Amino acid sequence: MTDPTAAPHLDFDSAQLARAYERESATRQFESGRRLVADLAIAPGECVLDVGCGTGRLAEHIAGIVGPSGRVLGIDPLPERIAIAEARARASLAFEVGDARELDGSATASVDVVVLNAVFHWLPEKAGPLANIFRILRPCGRLGMTTWPPGRRTALQEVRLQVLGEPPFAHHARPPDGVLFRVDADRMRALLEGAGFADIRIELRPVEQVFADAEAAIRYSEASSFGNFVGHLPAELRARARDEIRRRLQDKVGDQPVVRRERRMVVIARKPA
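Let me sum up the structure you'll find in this document. (Residues numbered from 1 in each chain as written. Predicted model: local features only at pLDDT ≥ 70, side-chain atom pairs only at ≥ 80, totals over all residues. Heavy atoms only, no water.)

**Section: the overall build of the protein chain**
Looking only at helices and strands, the protein chain features nine helices and seven strands. Over its C-alpha trace the protein chain gives a radius of gyration of 19 Å, about what one expects of a compact globule, namely 19 Å for 273 residues. Projected onto its principal axes, the C-alpha coordinates of the protein chain cover approximately 55 × 40 × 30 Å. Here the protein chain, with 273 residues, has 53% of them falling under the buried criterion. Taking all contacts inside the protein chain whose residues are at least 6 apart in sequence as the whole, residues at least 24 apart take part in 80%. With the model as given, the accessible surface of the protein chain reaches about 12600 Å², and the carbon-plus-sulfur share is 50%. In the protein chain, 38 positive and 37 negative side-chain charges are present, and the distance between their average locations comes to 3 Å. (Helix = DSSP H or I, 4+ residues; strand = E, 2+ residues; numbered from the N terminus. Rg over C-alpha atoms; globule rule 2.2 N^0.38 Å. Buried < 20%, exposed > 50% of the residue type's maximum accessible area, 1.4 Å probe, protein only. Contact = heavy atoms within 4.5 Å. Areas by Shrake-Rupley, 256 points an atom, 1.4 Å probe, with all protein chains shown as cover. Lys, Arg positive; Asp, Glu negative; His and termini not counted. Charge placed at Lys NZ, Arg CZ, Asp CG, Glu CD.)

See below:
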């Protein structure tokens, strides 16, 4: 059973990590999000909530689709990322600090589409956020998510676990799977059905991400995990752990790039009429 006390720390984020995420996400999370938006068939005039919007790239893309007659709100619990996103705001596009556990700012049955791109695996508790999303969706409204299901660990994840399991790093408690709370397709379907959703479509799509070297792979992991990569360690040990992870990963791949092969879960569901 997942330990909810192992939730990711939001206060590990920084302005530097937020800027790195803005650069790194351009060809990674953003691309998967654009495909999800296409799957959802978002249309002009619709009202869309982007939960976990990060620095706002995908929300800005959606705003271009819904046009001036629609509205997009992006929320994220990380203030440094919302600060970057706000530069993208305009009449039909706004950003706020917030997360899926508290959607009190959205009225019941007020939203046509809710998007969670690379967000669901960060939530220790799933039923509450899904109930919130179901409440704010209009009848026939859609939910779209991309998330990481359980699977084999990547080379970077294996090296990280190995290093953090050795002294002096092992003396500091750490979540074994990087504070990710993944669910498989059966559990996902059960959660959605329990919240009241219908017409559920779940697809596992192969994903290959290529990084030039170990340093690039670590930078991406640090930015996308908002500092939770080695953030649980005391400040004086973080650089040492990071350097050791980088060295071992580079030794593992040699002169080759670091290739991350996983499967991404894509989920589309509808609130009944």
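Still more ground to cover, so stick around.
**Section: the pairing of strand S1 (residues 47–51)**
Of all five residues in S1, five are buried, a share of seventy percent or more. The alternating pattern of S1 places Cys47, Leu49 and Val51 and Val48 and Asp50 on opposite faces, both of which are buried. Where S1 meets strand S2 (residues 71–76), five bridges bridge the pair, whose relative direction is parallel. Across the sheet, residue Val48 finds its bridge partner in S2, namely Val72. Since S1 and S2 lie parallel, the crossover through helix H3 (residues 57–66) that links them has a hand, and here it is right-handed. (Pairing = 2+ DSSP bridges. Right-handed = clockwise from strand over helix to strand, strands pointing away.)

**Comments concerning the pairing of S2**
Across a regular strand the side chains alternate sides, sitting on one face of the sheet and then on the other. Counting buried positions along S2 yields five of six residues, so the element is predominantly enclosed. Strand direction decides the pairing type here: S2 and strand S3 (residues 93–97), joined by five bridges, are parallel. Bridge pairing links Ile75 to Glu96 in S3. One crossover worth recording links S2 to the parallel S3 by way of helix H4 (residues 79–85), and it is right-handed.

**Observations regarding the sheet that holds strand S5 (residues 137–147)**
Each strand in a sheet pairs with its neighbour through backbone hydrogen bonds, running either in the same direction (parallel) or in the opposite one (antiparallel). Reading across from one edge, S3-S2-S1-S4-S5-S7-S6 is the order of the seven strands in this open sheet, with mixed pairing throughout. Strands with a single pairing partner mark the edges of an open sheet, and in this sheet they are S3 and strand S6 (198–211). Averaged over all pairs of adjacent strands, the angle between strand axes in this sheet comes to 15°, irrespective of strand direction. In this sheet, S5 lies alongside strand S4 (residues 111–117) in parallel orientation, the contact comprising six bridges. From the neighbouring strand, Leu116 faces S5, where its bridge partner is Met145. Sheet strands touched by H3: S1, S2, S3 and S4. Its angle to S2, the strand with the most contacts, is close to 170°. (Axes fitted to C-alpha atoms, helices over the stretch in contact; angles between N-to-C directions.)

**A closer look at the nonpolar core**
Leu49, Val114, Leu116, Phe120, Leu143, Leu192 and Phe197 are the most contacted members of the largest nonpolar core, which totals 30 residues. Among the elements that make up this core, the one with the highest residue count is helix H7 (residues 185–195) (four residues). Beyond its immediate stretch of four places on either side in the chain, Leu192 contacts Leu130, Leu143, Met145, Phe197, Ile200, Val267 and Ala269. The next biggest cluster of nonpolar side chains, apart from the first, holds 21 residues, and it includes Val37, Ile42, Ala59 and Val266. (Core = buried A, V, L, I, M, F, W, Y, C linked by side-chain atoms within 4.5 Å.)

**Topic: unusual backbone geometry**
Each neighbour pair has its own omega, and for Pro167 with Pro168 the value is 5°, a cis peptide bond. Position of Pro168 among the secondary structure elements: in the loop between helix H6 (155–164) and H7. Here the phi dihedral of Asp199 falls at roughly 50°; this positive angle occurs in a residue that is not glycine. Looking at the element boundaries, Asp199 is found in strand S6.

**Describing the packing of aromatic side chains**
For the structure on display, the rule yields three aromatic pairs. Geometrically, the ring pair formed by Phe134 and Phe197 is edge-to-face, given 5.1 Å between the ring centres and 85° between the ring planes. Of this pair, Phe134 sits in helix H5 (residues 127–136) while Phe197 sits in the loop between H7 and S6; the two residues are 63 residues apart in sequence, bridging distant segments of the chain. Between Phe211 and Tyr220 the ring centres are 5.4 Å apart and the planes differ by 40°, which places this aromatic pair in the tilted class. The same class applies to Phe211 as to Tyr220, namely buried. (Phe/Tyr/Trp six-rings, centres within 6.5 Å; stacked < 30°, edge-to-face > 60°.)

**Quick notes on the pattern of salt bridges**
This structure, assessed with the given rule, holds 21 salt bridges. Across the pair Asp199 and Arg270 runs a salt bridge, and its minimum N-O distance is 2.5 Å. With Asp199 in strand S6 and Arg270 in strand S7 (residues 258–270), the pair connects residues that are 71 residues apart, well separated along the chain. On the accessibility criterion, Asp199 (49% relative accessible area) is partly exposed. (Salt bridge = Lys/Arg side-chain N within 4 Å of Asp/Glu carboxyl O.)

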